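# Observations on the three-dimensional arrangement
Read off the chains here:
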Amino acid sequence: MSKQSIGSRREAIDPKSDIAIQVRDLHKTFQLPTERAWGLKQAIFNRLKGVKGFTEQKVLDGINLEVKKGEFVGIVGRNGSGKSTLLKIIAGIYYPSAGDVWINGRLVPFIELGVGFNFELTGRENVYLNGAMLGFSNAEIDAMYDDIVEFAELKDFMDQKLKNYSSGMQVRLAFSIAIRAKGDILILDEVLAVGDADFQKKCNDYFESLHGKQTVILVTHSMENVLKFCDRAVMIEGGKIVSEGSPSKVAKAYEGLWK
């Protein structure tokens, strides 16, 4: 059963199973344009010449992964290894070229923090806008508004337009809203690196509080975070899983890539 509909994905695993995410023989290939056809005549000429106008880039090549409920799993790898693509397929942002992804529970992705923000609106207005995108009613946002602002440490800035915020302030606000979305499975792409040192500590404390309570997948370059938070880790290189096991084992393999 493929990942073409959310309904089919959720039915693929028995809800009573201890499996939260199952990935089988996952492949992803992107088509990168190389030559543009100017007009129909050129397009026909290119086809007759056998010119495709694109090259294929294989990003994932047969990924198999199983994550149990309550596990905190780290995914590491060099830039371009395919780890973020894997996360986006699991989150439903990309479709796989081949293979299956099954999800058992409600998934909340922390991948593109602040997606949907309107920079011409105030911080306050963006809380309600972003909250609505996460499925909250106005009454629910009213009830959590003060907590969002307090966590983001932006009390004195909420009536300013978002375009006047620094990038760090924007991320802090987005993160403070996003963590209100309660899910069974959290997908994180380097969000532990948001804000200054004090705010990062808040983020770390928050994720420590999730340990054993929710299923978490973290994509990161930080072996410190892998060792600190994760129960298990995998390393991707060239679109394949090349190391899997304890955080210390995978951290050692990752560090070996740079020797």
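Just so it is clear, the structure is predicted and the values come from calculations on it, not from any experiment. (Residues numbered from 1 in each chain as written. Predicted model: local features only at pLDDT ≥ 70, side-chain atom pairs only at ≥ 80, totals over all residues. Heavy atoms only, no water.)

### With respect to the environment of Glu-125
- Mapped onto the fold, Glu-125 is located in helix α4 (residues 123-133).
- Residue Glu-125 is classed as partly exposed on the basis of its relative accessible area of 40%.
- Along the chain, Glu-125 and Lys-161 lie 36 residues apart, while their C-alpha atoms are 8.9 Å from each other. (Helix = DSSP H or I, 4+ residues; strand = E, 2+ residues; numbered from the N terminus. Buried < 20%, exposed > 50% of the residue type's maximum accessible area, 1.4 Å probe, protein only.)

### Overview of the pattern of salt bridges
- Enumeration according to the criterion identifies 11 salt bridges in this entry.
- Notably, a salt bridge pairs Lys-201 with Asp-205, separated by 3.0 Å at the nearest N-O pair. Taken together, the residues Lys-201 and Asp-205, both in helix α7 (residues 197-210) and four residues apart, mark about one turn of the helix.
- Residues joined by salt bridges that share partners form a network here, namely Glu-71, Arg-232 and Glu-244. (Salt bridge = Lys/Arg side-chain N within 4 Å of Asp/Glu carboxyl O.)

### Description of the confidence of the model for the chain
- Overall, the predicted model of the chain reaches an average pLDDT of 84, with 84% of residues at or above 70.
- Under a pLDDT of 50 for its full length, residues 1-11 has, in the predicted model, 26 contacts with residues more than four places off or in other chains. (pLDDT = per-residue confidence, 0-100. Contact = heavy atoms within 4.5 Å.)

### Quick word on the packing of aromatic side chains
- One pass over the structure, following the stated rule, counts nine aromatic pairs.
- Both rings, one in Phe-175 and one in Tyr-206, keep their centres 6.3 Å apart while their planes meet at 85 degrees; by these two values the pair is edge-to-face. Of the two residues, Phe-175 sits in helix α6 (residues 167-178) while Tyr-206 sits in helix α7, which places them 31 residues apart along the sequence. Tyr-206 matches Phe-175 in its accessibility class, with the two residues each being buried.
- Relative to Phe-207, the ring of Tyr-206 has its centre 5.1 Å away and its plane inclined at 70 degrees; by these criteria the two rings are edge-to-face.
- You can call Tyr-206 buried: its relative accessible area is 14%.
- On the basis of relative accessibility, which here comes to 0%, the residue Phe-207 falls in the buried class.
- The rings of Phe-151, Phe-175, Phe-199, Tyr-206 and Phe-207 are connected pair by pair, giving a single aromatic cluster.
- The side chain of Arg-172 reaches across the aromatic face of Phe-199, ending 5.7 Å from its centre.
- Over the face of the ring belonging to Phe-151 we find Lys-202, whose NZ or CZ atom lies 5.1 Å from the ring centre. (Phe/Tyr/Trp six-rings, centres within 6.5 Å; stacked < 30°, edge-to-face > 60°. Lys NZ or Arg CZ within 6 Å of the ring centre and 35° of its normal.)

### Comments concerning the packing of α6 against α7
- Closest axis-to-axis distance for the α6/α7 pair is 12 Å, and the angle between their directions is 20 degrees. Comparing their axes, α7 and α6 come out roughly parallel. In this structure, α6 crosses over α7, and the sense of that crossing is left-handed. Where α6 abuts α7, its residues Arg-172, Phe-175 and Ser-176 lie against Phe-199, Cys-203, Tyr-206 and Phe-207.
- Here the residues of the contact of α6 with α7 are counted per class, giving five nonpolar, one polar and one charged. (Axes fitted to C-alpha atoms, helices over the stretch in contact; angles between N-to-C directions. Parallel < 35°, antiparallel > 145°, perpendicular 65-115°, else oblique. Left-handed = near helix turned anticlockwise from the far one by under 90°. Nonpolar A, V, L, I, M, F, W, Y, C, P; charged D, E, K, R; others polar.)

### Let's talk about the nonpolar core
- Counting residues in each nonpolar core, the largest one holds 44 residues, and the members touching the most others are Phe-110, Val-127, Met-158, Leu-173, Phe-175, Leu-188 and Phe-207.
- With 26 residues, the next largest nonpolar core counts Leu-60, Leu-87, Ile-187 and Ile-217 among its residues. (Core = buried A, V, L, I, M, F, W, Y, C linked by side-chain atoms within 4.5 Å.)

### What about α7?
- In a regular helix each residue adds 1.5 Å, so 14 residues correspond to 20 Å; α7 covers 20 Å between its end C-alpha atoms and thus fits that length.
- Buried residues of α7: Phe-199, Cys-203, Asn-204, Tyr-206, Phe-207 and Leu-210, and no others. Viewed end-on, α7 has its buried residues packed into an arc of 160 degrees, placing them on one side of the element. With respect to the buried face of α7, the exposed residues turned more than 90 degrees away are Ala-197, Asp-198 and Lys-201.
- Backbone geometry just downstream of α7 places Gly-212 in the positive-phi region, at approximately 85 degrees. (Expected span 1.5 Å × (residues − 1). Arc of directions from axis to C-beta.)

### Some words on the environment of Leu-26
- Position of Leu-26 among the secondary structure elements: in strand β1 (residues 19-33).
- Judged by its relative accessible area of 0%, Leu-26 is buried.
- In contact with Leu-26, not counting residues within four places along its chain, are Leu-60, Asp-61, Gly-62, Ile-63, Leu-86, Ile-89, Pro-96, Ala-98, Gly-99, Asp-100 and Val-101.

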